[in-house]
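Commentary on secondary and tertiary structure
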Amino acid sequence: MITTASQDAPPVPSLAWSDCQGGFECASADVPLDYRDPQGRTITLAVIRKKATDQAKRKGTLFMQPGGPGNSGVDFVRNNHADLPAALRDSFDVFGYDVRGVGRSSALQCWDDQRYTQAVTQAKGVPGPGSFGPALREAADFDQACVDNSGELLPYVGTEYVARDIDLLRQALGEDQLTYYGRSFGTYIGTVYAAMFPDRVRALALDGAYDPVHYANRPYAYDRPQYLALDGAMSRFLDWCAADQATCGFGDGDPRAAFEQLKRDLDANPVPTANGGQANGYTLVYRLMFNINEGKVIWPSLGEALRKAQQRDNTSFLLRPPSPASFDFLGPNVVVECVDRDYPRDLGRLKRNVTANAKAAPLLGPAMAYGPPTYDHQHATACVQWPGERVSRYDGSYRAKGSAPILVVGTTGDPDTPYQDAVALSRQLDNASLLTFKAEGHTAFGRSACATDAVTSYLVDLKVPGRGATCADETQPPSATPRVAPPGTTLGELRNGVDERIDRIGPALR
């Protein structure tokens, strides 16, 4: 909801908490729509908290920021609070909110569900020659739908304004400084906050970090490693599949060739789904892009799901087309990045980069490069043509000079946020420590007992891991498809944010 007001510095929101089940409290926070007019129109943010178990030992409020952009912070807290280490639940009121333009906070609308369904149904797992032109036109159509349906909100959803919102929420909660855990895109939000308000940082744990300079100011230099990281993870899975055919069960001795053939077969002859839709080669790539984030523990399940897809069994979780719940995530995911990122307005350069990325990442890259605007890899065609103002984009230094120590966490085989991004961020920040998780999969907290303990100790007691700190306790592939989540993992939303965007695997394995 967007409303109107008037004066000079933005007023601190007043939070009227009410019970919203399960021990959680919910409220609404009015913040400026445009911080250039801090007393003008406002936008209402949905917020949630669960108070510390022992208020006498409470250290403050822990902000929990999911990945995205586009994931609901309200859902992230509600769905994952019970899985947090007891030390966090005991020490902090755990707080989350839906950022502007997302979920319950004036959600952005671009394509409607019918148009999005049409786009992903027509996309290909193996796009043919001449795919760039249609991809460009489809991205332009998406951009125009954003203007038509959310035009008054588009300029104001960038991360500088999100960071300003966080600072108002910090004050509304009575906190002198910010204690924060952010994963994936949440690391960029935390980085911008630290850069803007370094003296207001108590503790920032940034897990699955972005290289902020490349992300915002050199987007093609950011995109290329992300393509390579995703394809690298898929390649290592297929290598394991070839080496352990008994457990994987996909590929008849040559899983790479089988995978390439499967994409082509599904494109040529899509599988009907239970709800009357169709699953094709693009569907397969889209689901793999997210599910590969789970790391080695899911590899037997991926093998089984690929084998089912070969058999045209639509119960395979890799044959579930993106749904309306996915679109609620994907639309804001594109818009926020188009506002945040400075893509050159050169269609020739765009074509060269898209073509090169598709070629460099042959397993999953072509479907991403030439597909409709959905997740990170498919943003360039929309963002180069982006028609809106970008007044809320952050374009300052990322040093955060004078901040308290910041913890950066990177996973060496991360398919989504490449490990070198975490290394780069740890060097760009004025006062940061890097914790390395030697593993496959996206982010470390909740997947590694070692990393979870380190993050918890840092957030609670401000203990920073020593130089060169490393964790190497990834759960290895089970000898068969697991029926329950293995010990030390959740296979769920703690890492993945929105259930539907990666089609939560945990319950499907039970």
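Residues numbered from 1 in each chain as written. Predicted model: local features only at pLDDT ≥ 70, side-chain atom pairs only at ≥ 80, totals over all residues. Heavy atoms only, no water.

Tallying secondary structure elements over the protein gives 21 helices and 13 strands in all. Overall size of the protein, expressed as C-alpha extent along the three principal axes, is 65 × 50 × 40 Å. Intrachain contacts of the protein at a sequence separation of at least 6 include 79% that bridge at least 24 residues. Accessible surface, the protein: about 18100 Å² in total, of which carbon and sulfur atoms supply 47%. Put simply, the protein has 52 plus and 60 minus side-chain charges, and the middle of one group is 4 Å from the middle of the other. (Helix = DSSP H or I, 4+ residues; strand = E, 2+ residues; numbered from the N terminus. Contact = heavy atoms within 4.5 Å. Areas by Shrake-Rupley, 256 points an atom, 1.4 Å probe, with all protein chains shown as cover. Lys, Arg positive; Asp, Glu negative; His and termini not counted. Charge placed at Lys NZ, Arg CZ, Asp CG, Glu CD.)

One way to put it is that helix α5 (residues 159-172) packs onto helix α6 (residues 185-196) with a least axis distance of 9 Å and a crossing angle of 70°. Between α5 and α6, the angle is such that the two are roughly perpendicular. Across the interface between the two elements, Thr159, Glu160, Val162, Ala163, Arg164, Ile166, Asp167 and Arg170 of α5 pack against Phe185, Tyr188, Ile189, Val192, Tyr193 and Met196 of α6. (Axes fitted to C-alpha atoms, helices over the stretch in contact; angles between N-to-C directions. Parallel < 35°, antiparallel > 145°, perpendicular 65-115°, else oblique.)

Among all residues except glycine, the phi angle is most often negative; among peptide bonds, the trans geometry is most common. Put simply, Gly68 and Pro69 share a cis peptide bond, and its omega is 0°. Relative to the elements of secondary structure, Pro69 occurs in the loop between β5 (60-65) and α1 (73-80). The phi torsion at Ser106 lies on the positive side, around 55°, for a residue other than glycine. With respect to the secondary-structure elements, Ser106 resides in the loop between β6 (92-97) and α3 (113-122). You can call Ser106 buried: its relative accessible area is 16%. Positive phi values are uncommon outside glycine, yet Arg312 reaches one of about 60°. In this fold, Arg312 is placed in the loop between α12 (299-310) and α13 (324-340). Judged by relative accessible area, Arg312 falls into the partly exposed class, the value being 35%. (Buried < 20%, exposed > 50% of the residue type's maximum accessible area, 1.4 Å probe, protein only.)

Here, the word disulfide means a covalent bond between the sulfur atoms of two cysteines. The final tally for this structure, using the stated rule, is 5 disulfides. Here Cys110 pairs with Cys146 through a disulfide, and the sulfurs are 2.0 Å apart. Taking the sign of the S-S torsion, about 110° here, the bridge from Cys110 to Cys146 comes out right-handed. Here Cys110, found in the loop between β6 and α3, pairs with Cys146, found in helix α4 (residues 132-150); they are 36 residues apart in sequence, far enough to count as distant. By relative accessible area, Cys110 is classed as buried at 4%. (Disulfide = S-S within 2.5 Å.)

Enumeration over the complete set of coordinates arrives at 28 aromatic pairs. Each ring, one from Phe63 and one from Phe95, has its centre 4.7 Å from the other, and the planes form 50°; the classification is tilted. In this pair, Phe63 sits in strand β5 while Phe95 sits in strand β6, placing the two residues 32 residues apart along the sequence. Among the residues examined, Phe63 registers a relative accessible area of 3% and is labelled buried. Among the aromatic residues, those joined into a cluster by ring pairs are Phe185, Tyr188, Tyr210, Tyr215, Tyr222, Tyr394 and Tyr398. Residue placement shows Arg115 over the ring face of Trp111; its charged tip is 4.3 Å from the ring centre. (Phe/Tyr/Trp six-rings, centres within 6.5 Å; stacked < 30°, edge-to-face > 60°. Lys NZ or Arg CZ within 6 Å of the ring centre and 35° of its normal.)

The next subject is the pattern of salt bridges. The final tally for this structure, using the stated rule, is 21 salt bridges. The residue Arg115 makes a salt bridge to Asp141 at a minimum N-O spacing of 3.2 Å. Of this pair, Arg115 sits in helix α3 while Asp141 sits in helix α4, and the two are 26 residues apart along the sequence. In this structure, Glu337 and Arg341 form a salt bridge, with 3.2 Å as the shortest nitrogen-oxygen distance. Because the salt bridges share partners, they merge into one network encompassing Arg58, Asp93 and Glu175. (Salt bridge = Lys/Arg side-chain N within 4 Å of Asp/Glu carboxyl O.)

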